[in-house]
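An overview of the molecular structure
The chain contents come next:
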Amino acid sequence: MSPLNRKLSFILVSVFFFLSLVSSAYPISRTLAEELNNYVLASEAANSADVSIYVADSRGVPLYQYNSTMPLSPASNLKIFTAAAALYYLGSDYKYTTCLYGTPIDKTRGVMESSLYLVGSGDPTFCEPFMDNPTQVLEEFASELACKGLRLFTGDIIGDDSVFDREFLGLGWKDRYMLDTYAAQCAGLSLNANLIQITMTDGVASFFPNTSIINLIDKTVERPYTAVKVTRKRDSNDVTISGALSPYESGGALIPIHNPSLFTLDAFENALREQSIYNTGETKLISEINSRYKYSEFVELARHESPKMIDILIPMMKDSDNFLAQHIFKTIGAEQLGKGSRENASKAVFAMLEDAGVSVENLVLADGCGLSEENKTTAKQLGELLVYMFSSDKFADFIKTMPQSGVDGTLKYRMSNIKVRAKTGSINNVSALSGYVETLSGDTVVFSIISNNHQYGASVYKGFEDNIVNIIANNG
């Protein structure tokens, strides 16, 4: 055999040896990729929408990709970024604190010679499921002041919400969302998930929680039946109730409030009055400043701590709660860069992703919850973050937050036949599912599936997601 033939023979043997190693080491991936590709190319969903798919093993080795770097709107899959960053920066034991500051109280006269400051940290837990009575903490604060002997203070009731900016809505939130409970505003002081229940009975309006900041315009007419409509102007608390109202029934609605900080402060003033505590000044929010106000010259009169961050992340993820997500997102910006804004939160999330080795090219975080269609990410970015979290020391907490198929959250009625922990996502013409699935051999596979610009109903695309995950689960 000539030297050239011997060289060619050696190369061929080496190639066949390498291929045999690849085949034996990754039999699942070769079969899986083929089966997934056949299904995707033939599917009604992939042929009627923009679709991005990324599948990898738990080490991050890609098993299948389809338009994996196409930037798409992820809907609530964006909450994966928020949850991961919260654990990365804040930790599972992080707690919000709400404090009350003033000067020493002269118990002999029942007087305090200063304003009273209610200082928020962005705590979103003054609501169910964290407390049955949303005004409980504010009432406890007022009661503590009464127990300290306070009856009058010579100043203002000031709400300090400066931990966050006052961009109460997410970037790109549509006007049609403004009366939907899933689009509640975000603020440094929040109450009752920043929602208000308005009820009309016999021509008289009542509010829960009680407030004076609503300018109610009653356009109802008496009829033997009740069918009312409630509207609120964007960026105002001018609320109109119109339609038919029976004298024997009540009508109304639960809607987001505008300016949650003022809403919270107003409720605190009501709690003070219930304890017969009065002041000589106004009730107002602190002037917007670039950094948080310092209270070292004051006395801390009361303090409340929230549940731990992990206990807030779990309902945020499992129930896909936009209100919680927005507050946690801005909290990350506040803790890392001194102010809770979309820009600061985005910078912090980008920094985490870069540390995790995840590309941020074309990534847009218009909010922290996924409601804005201006959000953009790729299946590969989500998948690579999930791989990073899998090997992170935060994974035990992170996986607790993910809905479990057939068990709870937004996956309670999906894929009960397999073991999946994943985040769902759905807004107009957008569907997404990203998370972890256990294969028949017990291996964990990471997946992310995003579809935009739907031509059919949501069930087509959610069925597409479920079928892909089932194919993964049944390989191996």
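Computed from a prediction, not measured in an experiment: that's the story for all the values here. Here, residues in each chain are numbered from 1, in the same order as that chain's written sequence. Where local features are concerned, this predicted model is filtered to residues with pLDDT of at least 70; where side-chain atom pairs are given and counted, the filter is 80 or more; whole-chain, interface and lining totals use all residues. Heavy atoms from the whole structure form the basis of all side-chain values; hydrogens and water molecules are not counted.

Quick look at the packing of aromatic side chains
Within 6.5 Å between ring centres, the rings of Phe, Tyr and Trp (the latter by its six-membered ring) count as paired, and their orientation is classed by plane angle as stacked under 30 degrees, edge-to-face over 60, tilted in between. Under the defined criterion, the tally for this structure stands at 11 aromatic pairs. Between Tyr39 and Phe464, the ring centres sit 5.8 Å apart and the planes meet at 20 degrees, which makes this aromatic pair stacked. In this pair, Tyr39 is assigned in helix H2 (residues 27–42) and Phe464 in helix H11 (residues 458–473), connecting sequence segments 425 residues apart. Classification of residues uses two cut-offs on accessible area relative to the type maximum, computed with a 1.4 Å probe and protein chains only: under 20% is buried, over 50% is exposed, and between them is partly exposed. For Tyr39, a relative accessible area of 23% gives the class partly exposed. Accessibility expressed as a relative area gives 2% for Phe464, which makes it buried. Residues Phe390 and Tyr436 carry aromatic rings whose centres are separated by 6.1 Å and whose planes lie at 35 degrees to one another, so their mutual orientation is tilted. Only DSSP runs of H or I reaching four residues or more are called helices, and only runs of E reaching two or more are called strands; each is numbered from the N terminus.

A closer look at unusual backbone geometry
Cis peptide bonds are those with omega within 30 degrees of zero, and the linkage from Glu128 to Pro129 qualifies with 5 degrees. Summarising the element assignment, Pro129 is placed in the loop between strand E6 (116–119) and helix H4 (136–147). The residue after Phe208, namely Pro209, is reached through a cis peptide bond having omega -10 degrees. One can find Pro209 in the loop between strand E10 (204–208) and strand E11 (215–222). In the Ramachandran plot, Ala193 falls in the positive-phi region, its phi being about 55 degrees despite a non-glycine side chain. Here Ala193 shows up in the loop between strand E8 (157–160) and strand E9 (195–201). Accessibility expressed as a relative area gives 17% for Ala193, which makes it buried. A positive phi angle, near 55 degrees, is found at Ser276, a position not held by glycine. Structurally, the position occupied by Ser276 is in the loop between helix H5 (260–274) and strand E15 (278–279).

Topic: the pairing of strand E18 (residues 420–427)
Along E18, 6 of the 8 residues are buried, which leaves the element largely enclosed by surrounding structure. The sheet contact formed by E18 and strand E19 (residues 430–438) spans 8 bridges and is antiparallel. Looking at E19, one finds that Lys423 is bridged to Ser434. Two strands form a pair only when DSSP identifies at least two bridges running between them. Between E18 and E19, which pair antiparallel and follow one another directly, the connecting turn spans 2 residues, one of which, Asn429, has a positive phi of 60 degrees.

Quick word on the pattern of salt bridges
Here a salt bridge means any side-chain nitrogen of Lys or Arg lying within 4 Å of a carboxyl oxygen belonging to Asp or Glu. One pass over the full model with this rule turns up 18 salt bridges. Between Asp93 and Lys308 there is a salt bridge, with the nearest N and O atoms lying 3.5 Å from each other. Within this pair, whereas Asp93 is found in the loop between helix H3 (79–90) and strand E3 (97–102), its partner Lys308 is found in the loop between strand E17 (299–305) and helix H6 (309–318), the two being separated by 215 residues in sequence. We classify Asp93 as exposed; its relative accessible area is 52%.

Brief notes about the confidence of the model for the protein chain
As a per-residue quantity, pLDDT reports the predictor's confidence and falls between 0 and 100. In the predicted model, the protein chain carries a mean pLDDT of 92, and 92% of its residues have values of at least 70. Any two residues whose heavy atoms approach within 4.5 Å are treated as being in contact. Within the model, the stretch residues 1–28 combines pLDDT values under 50 with 8 contacts to residues more than four positions away or in other chains.

Examining the sheet that holds E10
Pairing is antiparallel in the open sheet, where 3 strands are placed in the order E10-E9-E14. Sheet topology places E10 and strand E14 (250–256) at the edges, where each strand pairs with a single neighbour. Averaged over all neighbouring strand pairs, the angle between strand axes comes to 20 degrees, with direction disregarded. In terms of strand pairing, E9 meets E10 through 5 bridges, oriented antiparallel. Each bridged residue has a counterpart across the sheet, and for Thr201 the counterpart in E10 is Val204. Axis lines are fitted to C-alpha atoms, over the contacting stretch for helices. Their N-to-C directions set the angle, which ranges from 0 to 180 degrees.

Points about the side chain of Ser405
Of note, Ser405 is situated in the loop between helix H10 (395–401) and E18. A relative accessible area of 6% places Ser405 in the buried class. Excluding residues within four positions of it along the chain, Ser405 makes contact with Leu411, Arg414, Met415, Ser416, Ile418, Lys419 and Val420.

Regarding the environment of Tyr456
Tracing the backbone shows Tyr456 in the loop between strand E20 (444–452) and H11. When neighbours within four sequence positions are excluded, Tyr456 is seen to be in contact with Glu44, Ser48 and Tyr461.

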